[in-house]
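# Descriptive structure summary
Below are the chains, spelled out letter by letter.
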Amino acid sequence: MINVVNLVQHYGVRPVLRGINLQVDSGELVVLMGPNGMGKSTLLAAIAGMLTPQVGYIEIDGKRRKSSVEAEREIRKLIYYLPDQPWLPLTQTGRNYLLAIGELYEIGFDRRFEHIDQLLGVFDLSKHGDSLIGSYSTGQQKKIAVCGALISEAPVLIMDEPFSGGLDPAALLALKQILLKLRAGDHFTILLATPVPELVDEIADRIAVLRDGEIIAYDSPVALVQQSGGESLEHVLQTLLDPESVGLLGIYLKSRER
Amino acid sequence: MIRTLSALFPRTIFFNVTIALLIVSALGIDGFARILAWRFELNPREDAIELSQLTNLSWAFVACALALFYAVHRVWSFHPLWRSDYLAWLRTTPWRGGLWLPLGPVHLVWQDAVWVAIPIIIALYAGVLNVLYVAGLFFATHAAMHVVTAYHSKSWLVAFTTAAILSATLGCLLHPLPLVISAFLAYLVAIYGIRKALKKLPYDEFPAINTIILTAQFKNERTATPDPSAQLFEGPSMAILGWPLGLLAPRKVWKVASIGKKIAIPAIFGLYVFALLFVIDEYRTMAEEPNLDFNYTRAIAVASVVILALAMATPYISFCAAPISLLGRFRIGRPIILSYDRLWISVLLSGVATWVLAGIIYSVTGSLSLAIAMAVAVGLPIPPVMLPFFETWFLTGNYRLRKRGSASFKQFKA
């Protein structure tokens, strides 16, 4: 469904992405992990169409991004991108915002209304649905942004740190359950970045580990643990993401024992 | 008869308050002048000429303002395309194009003469302004409003022809009678087109002019507009959906300007430049002042063209930053990225073409007005012709989206 081929991206001299190759199959949920500043958001933004690849290309459902107006039009109908810090229309009510997104993605009127009511209920926004988004707390704004992604029913969801940004525990669990449900069917392909290893183990079909602009590991959680001979995914990820810090952490913890 | 007369009376609070304030100001100045003349036993024609002139000018200003406001009101208040609520209501009624509009006609009727007579009488009282100018201002403003209406209702030929005739009106600024005649001619052309366009109403393809403000869209959901979201997703920003969804999501409507319009609009603009320079030249000749300096005028023309070219390139640039920062480009030895920099190159070319062409035409014809106008008419369409259609650029261009149209794109740096 998503095919990234030899993607190179840089803003100035420092390359952010170096020859990324990534394939996400239809119906898969892939989690992108990596240390801060290693290009996760850039990769997601490029897949979402925010950036034009300087080298390489991206295909969504067999159509190459930005290759033609028609292809790009088709791709935009398939994909919903939720950045880590989306800007929301603060002067609109949450319900109106979701209605507009549903309209944009051509979700039927009745289905849209029903889905919005359900989502507002699940994320504890029922009482705030008709209030202006500007009056929402940070967490509530994140919730309505997540609801926007879900209401679109787009077959490809690109989510940059959907679990961050002030979601309360109930919302975190709800989102996790929803993603698991979406993953269970074959209709949704999800690529998301998250820094929370505990969640990854439960929801990911495959994990892509990005470091220094390159994908250094890409496999299922079980396979990653097996390959590295590690005890747990958490340990494997820690070793993969920042091997130096593992050693330093050990020294630090020992020094605290004294 | 009386009903129509009453229906035509402006009822817009903004118009009426503004006019009332202007009249009160003119009355104040007039009264003050009269009190001074009475108190000091002055003869306005001999002892207080400046005070008298100020009074007359203030009345002349009121006359012009009245004519202008009434001309705007006659289109603004009566043409359904200018009023979303009116248009929406018409769509719910059996009214169809060709029938008498329920709130009153868009074309001028004899009752209008009664209301237009008021500013003319005031101008006569002021005595410093030829009343033909007031009539000319009324017709020209009315026709100009219809240019916007015709353009919006896709009556391109009518819009461009009327605008072209109005440029002649500008050229006749120093000659009241030709000015009125050309303004009236512009009105006749405009109203012919408007009557034809009205027959297409209230079809859905013409949204009301004052509903193009995206943020107002949801308010219109209450009205009977058949598809309230039809304009929700127009334009590059789709601000109502926030960032970046407003830019990345599929959209229903793309506004595309045809090549014909891209050339016609600058050509009309060139006509106005010609008319303006012609009037200035004529005035300076009459006042026995030296003619305009060519180089100075050319520099102003080039600056204006570059500013307008930048304005045309703004939608392309405001949401789309260069793929590599300027500093980064020099550091990697790739200062020009043609696929993106063509935006800037088109702006630069328009300025250079205007400069060079003005010089060539001036050296051949010796006419400053003609040289500058033609150069502007040729230089100005360069960016819109060179630039891709916005849809093509937006969907396939080499750029990175800016955050909310600002220059900040730090969020992608990690």
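Residues numbered from 1 in each chain as written. Chains lettered and ligands numbered in written order. Predicted model: local features only at pLDDT ≥ 70, side-chain atom pairs only at ≥ 80, totals over all residues.

## Remarks on the overall build of chain B
Selection rule: Numbered from the N terminus, helices here are DSSP runs of H or I no shorter than four residues, and strands are runs of E no shorter than two. Counts of 20 or more other C-beta atoms within 10 Å of a residue's own C-beta define buried residues, counts of 12 or fewer define exposed ones, and intermediate counts define partly exposed ones; C-beta atoms are placed from the backbone.
On a plain count of helices and strands, chain B comes out with 16 helices and 2 strands. Split into buried and exposed, the 414 residues of chain B put 39% on the buried side.

## Observations concerning the overall build of chain A
Counted only if it meets this: Placing C-beta atoms from the backbone, we regard two residues as in contact once those atoms come within 7 Å.
The helix and strand tally for chain A stands at 10 helices and 10 strands. In chain A, the share of contacts with a sequence separation of at least 24, taken over all contacts with a separation of at least 6, comes to 66%.

## Structural notes on the interface of chain A and chain B
We apply this condition: Think of it as three bins: nonpolar holds Ala, Val, Leu, Ile, Met, Phe, Trp, Tyr, Cys and Pro, charged holds Asp, Glu, Lys and Arg, and polar takes everything else, Gly as well.
Facing the 37 residues of chain A at the interface are 35 residues of chain B. Within the residue set of the side of chain A that touches chain B, elements represented by two or more residues are helix H1 (40–48), helix H2 (69–78) and helix H3 (94–104) of chain A. Considered class by class, the residues forming the side of chain A that touches chain B number 16 nonpolar, 15 polar and 6 charged.

## A closer look at H2 of chain A
Going by this rule: The arc in question is traced by the directions running from the helix axis to the C-beta atoms.
Of the positions making up H2 of chain A, those classed as buried are Glu-72, Ile-75 and Arg-76 of chain A. Mapping the buried residues of H2 of chain A onto a view down its axis gives an arc of 100 degrees, with all of them on the same face. At its buried positions, H2 of chain A is contacted by strand E4 (55–60), strand E5 (63–64) and strand E6 (79–82) of chain A together with helix H9 (245–248) and helix H16 (390–396) of chain B.

## Focus: the pairing of strand E3 (residues 29–33) of chain A
Residue and element names in this part refer to chain A. Spelled out, the test is: Note on pairing: two strands pair once DSSP finds at least 2 bridges between them.
By the criterion of burial, E3 is predominantly enclosed, with 5 of the 5 residues buried. Neither face of E3 is exposed, since Leu-29, Val-31 and Met-33 on one face and Val-30 and Leu-32 on the opposite face are all buried. Here E3 runs beside strand E8 (residues 189–193); their pairing, made up of 4 bridges, is parallel. The residue bridging Leu-32 from the neighbouring strand is Ala-193, located in E8. With 4 bridges connecting them, E3 and strand E9 (residues 206–211) associate as parallel partners.

## Considerations on the sheet that holds strand E2 (residues 15–24) of chain A
All names here are of chain A. Note the threshold: Axis lines are fitted to C-alpha atoms, over the contacting stretch for helices. Their N-to-C directions set the angle, which ranges from 0 to 180 degrees.
Spatial ordering of the open sheet is given by E2-E1-E4-E5, a layout of 4 strands whose pairing is antiparallel. Each end of this open sheet is capped by a strand with a single partner; those strands are E2 and E5. Where strand E1 (residues 2–10) and E2 come together, 6 bridges link them in antiparallel fashion. In the strand pairing of E2, Ile-2 is matched with Val-24. Packed onto the sheet, H1 meets E1, E2 and E4 and runs at close to 120 degrees relative to E1.

## A look at the sheet that holds E9 of chain A
Residue and element names in this part refer to chain A. Strand order in this open sheet of 6 strands is E6-E7-E8-E3-E9-E10, and the pairing throughout is mixed. Only two strands of the sheet have a single partner each, and these edge strands are E6 and strand E10 (214–219). The average angle at which neighbouring strand axes cross in this sheet is 15 degrees, direction not considered.

## So, the nonpolar core
This is how it is decided: Connectivity within a nonpolar core runs through C-beta atoms within 7 Å, and the core itself is a set of buried Ala, Val, Leu, Ile, Met, Phe, Trp, Tyr and Cys residues.
Within the largest apolar cluster, 178 residues are counted, with the highest numbers of intra-cluster contacts made by Leu-32 of chain A together with Ala-63 of chain B. In this structure Leu-32 of chain A touches Lys-40, Leu-43, Leu-44, Leu-191, Leu-192, Ala-193, Ala-208 and Leu-210 of chain A, once residues within four positions along its chain are discounted.

## Concerning helix H4 (residues 109–122) of chain A
Residue and element names in this part refer to chain A. As a reminder of what qualifies: Any helix carries an expected span of 1.5 Å times its number of residues minus one.
Counted at 1.5 Å a residue, the expected span for H4 with its 14 residues is 20 Å, and the 20 Å between its end C-alpha atoms agrees. Looking only at H4, the buried set comprises Ile-116, Leu-119 and Leu-120. Buried residues of H4 fall within an arc of 100 degrees about the axis and therefore sit on the same side. Turned more than 90 degrees off the buried face of H4, the exposed positions are Asp-110, Arg-111, Glu-114 and Gly-121. Here the buried face of H4 lies against H3 and helix H5 (138–151).

## Structural notes on the confidence of the model for chain B
Residues and elements named next belong to chain B. We apply this condition: Each residue gets a pLDDT score, which is the predictor's confidence in that residue and runs from 0 to 100.
The share of residues in chain B with pLDDT of 70 or more is 85%, and the mean pLDDT across the chain is 81. In the model, residues 210–231 has pLDDT below 50 throughout and makes 39 contacts with residues more than four positions away in sequence or in other chains. For residues 405–414, every residue scores under 50 in pLDDT, and the model assigns this stretch 22 contacts once sequence neighbours within four places are set aside. In the model output, the complex is listed with pTM 0.68 alongside ipTM 0.73.

## Side note on unusual backbone geometry
Backbone phi values are negative for most residues with the exception of glycine, while trans is the configuration of most peptide bonds. In the Ramachandran plot, Asp-212 of chain A falls in the positive-phi region, its phi being about 50 degrees despite a non-glycine side chain. Residue placement: Asp-212 of chain A occurs in the loop between E9 and E10. Phi is positive for Lys-154 of chain B, which is not a glycine, with a value near 65 degrees. Following the sequence through the fold, Lys-154 of chain B ends up in the loop between helix H6 (131–152) and helix H7 (156–171).

## Let's talk about the environment of Ile-268 of chain B
Residues and elements named next belong to chain B. By the element assignment, Ile-268 lies in helix H10 (residues 259–286). Sequence spacing of Ile-268 and Phe-160 is 108 residues, and the spatial spacing of their C-alpha atoms is 7.3 Å. Ignoring sequence-local partners within four residues, the contact set of Ile-268 consists of Phe-160, Ala-163, Ala-164 and Ser-167.

## Some details on the pairing of E1 of chain A
Residue and element names in this part refer to chain A. Turn length for the E1-E2 hairpin, with the two strands adjacent in sequence and antiparallel, is 4 residues. As paired strands, E1 and E4 are joined by 5 bridges and run antiparallel to one another. Paired with Asn-3 across the strands is Glu-59, a residue of E4.

## Notes on the environment of Val-279 of chain B
All names here are of chain B. Position of Val-279 relative to the elements: it lies in helix H10. Measuring from C-alpha to C-alpha, the distance between Val-279 and Cys-172 comes to 7.3 Å, with 107 residues separating the pair along the chain. Dropping the residues within four chain positions of it, Val-279 is found in contact with Leu-170, Gly-171, Leu-173 and Leu-174.

## So, the environment of Trp-87 of chain A
Residue and element names in this part refer to chain A. In this structure, Trp-87 sits in the loop between E6 and H3. Owing to 17 C-beta atoms within 10 Å, Trp-87 belongs among the partly exposed residues under this scheme. Trp-87 sits 55 residues away from Lys-142 along the chain, and the two C-alpha atoms are 10.0 Å apart.

## Comments concerning the packing of H4 of chain A against H5 of chain A
All names here are of chain A. Selection rule: Definitions for this section: a left-handed crossing has its near helix turned counterclockwise from the far helix by less than a right angle. A right-handed crossing has that turn clockwise.
Axis separation between H4 and H5 bottoms out at 10 Å; the angle between their running directions is 145 degrees. Where H4 crosses over H5, the two elements pack in a sense that is right-handed. Seen from H4, the contacting residues are His-115, Ile-116 and Leu-119; seen from H5, they are Cys-147, Leu-150 and Ile-151.

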